[in-house]
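Observations on chain architecture
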Amino acid sequence: MSENKDREKAVEQAISQIERQFGKGSIMKMGEKKSLDIPSTILSEGDTIAVKKGRRDRVKDIVEANKERQIPNWMEKNLETMECQMVAPPNVEEIGYTIATNLIVEFYSR
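Residues numbered from 1 in each chain as written. Predicted model: local features only at pLDDT ≥ 70, side-chain atom pairs only at ≥ 80, totals over all residues. Heavy atoms only, no water.

Focus: the environment of Ala50
Condition: Secondary structure follows DSSP: runs of H or I at least 4 residues long count as helices, runs of E at least 2 residues long count as strands, and numbering of each begins at the N terminus.
Examined against the element boundaries, Ala50 turns out to sit in strand β2 (residues 48-51). Sequence separation of Ala50 and Thr81 is 31 residues, and the distance between their C-alpha atoms is 7.7 Å.

This is how it looks when you write it as structure tokens:
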């Protein structure tokens, strides 16, 4: 039971930090009326995420500094509109890191 409370507290702290740095509602899932206020979400093929128009100036420098960074084949980016669309499900082989999935399962199974 306390593990869930610890997780909730960590999420609340992360949200608070993101809101302080970028402002409330900086990230939204396209097609939904409301902005996402969580640091991560589950995307489906065809979903688009974007930086809100009013927040783009705040993150423009970050985007510019990372424009040469490789983006996975399963995502498409549009720097002008600051949008990124998931065009296919991610493939573990494309991630570029060795991932011990058994350790991930083991960790979250506790």
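Quick word on the side chain of Arg56
Formally: Relative accessibility decides the category of a residue: with a 1.4 Å probe and only protein chains considered, values under 20% of the type maximum give buried, values over 50% give exposed, and everything between is partly exposed. The sign given to each residue is positive for Lys and Arg and negative for Asp and Glu; His and the chain ends receive no count. Salt bridges are counted wherever a side-chain nitrogen of Lys or Arg sits within 4 Å of a carboxyl oxygen of Asp or Glu. Throughout, a residue-residue contact means that at least one pair of heavy atoms, one from each residue, lies within 4.5 Å.
Along the chain, Arg56 turns up in helix α2 (residues 56-65). The buried charged residue Arg56 lacks any salt bridge, with Glu83 as its nearest oppositely charged partner at 4.9 Å. Among all residues touching Arg56, those that are not within four sequence positions of it are Val51, Thr81 and Met82.

Some points on the pairing of strand β3 (residues 75-78)
The following threshold applies: Pairing between two strands requires that DSSP report at least two bridges joining them.
Both β3 and strand β4 (residues 83-86) contribute to a ladder of four bridges, which runs antiparallel. Across the sheet, the residue bridging to Met75 is Met86, located in β4. What sits between β3 and β4 in their antiparallel hairpin is a turn of four residues, with Met82 showing a positive phi close to 55°.

Observations regarding the confidence of the model for the protein chain
For the record, the criterion: The predictor's confidence in any single residue is recorded as pLDDT, a number from 0 to 100.
The share of residues in the protein chain with pLDDT of 70 or more is 78%, and the mean pLDDT across the chain is 76. In the model of the protein chain, strand β1 (residues 27-29) stands out as the element of lowest mean pLDDT, 50, in contrast to helix α3 (residues 101-108), which has the highest, 88.

Quick look at the layout of surface pockets
Applicable threshold: Put simply, the grid is 1 Å and covers the protein atoms alone, a cavity is a trapped set of points that fit a 1.4 Å probe, a pocket is an open set with protein on both sides within 12 Å along at least five of seven lines, and lining residues have an atom within 4 Å of a point. Grid points are joined across faces, edges and corners, and a volume is the space filled by probe spheres set on the points.
Of the volumes computed, that of the second largest pocket is approximately 150 Å³. If you go around the second largest pocket, the residues you meet are Glu3, Asp6, Arg7, Phe107, Tyr108 and Arg110. For the lining of the second largest pocket, the elements supplying multiple residues, two or more each, are α1 (2-22) and α3. Element by element, the count of residues in the lining of the second largest pocket is highest for α1, at three residues.

Things to note about the packing of aromatic side chains
Geometrically, a pair of aromatic rings is defined through the distance of the ring centres and the angle of the planes. For the record, the criterion: By convention, a stacked pair of Phe, Tyr or Trp rings (six-membered ring in the case of Trp) has centres within 6.5 Å and planes under 30 degrees apart, an edge-to-face pair has planes over 60 apart, and any other such pair is tilted.
Evaluated as defined, the whole model comprises one aromatic pair. Seen in terms of ring centroids, Phe107 and Tyr108 are 5.0 Å apart; in terms of plane orientation they differ by 90°. Their pairing is edge-to-face. Since its relative accessible area comes to 59%, Tyr108 is described here as exposed.

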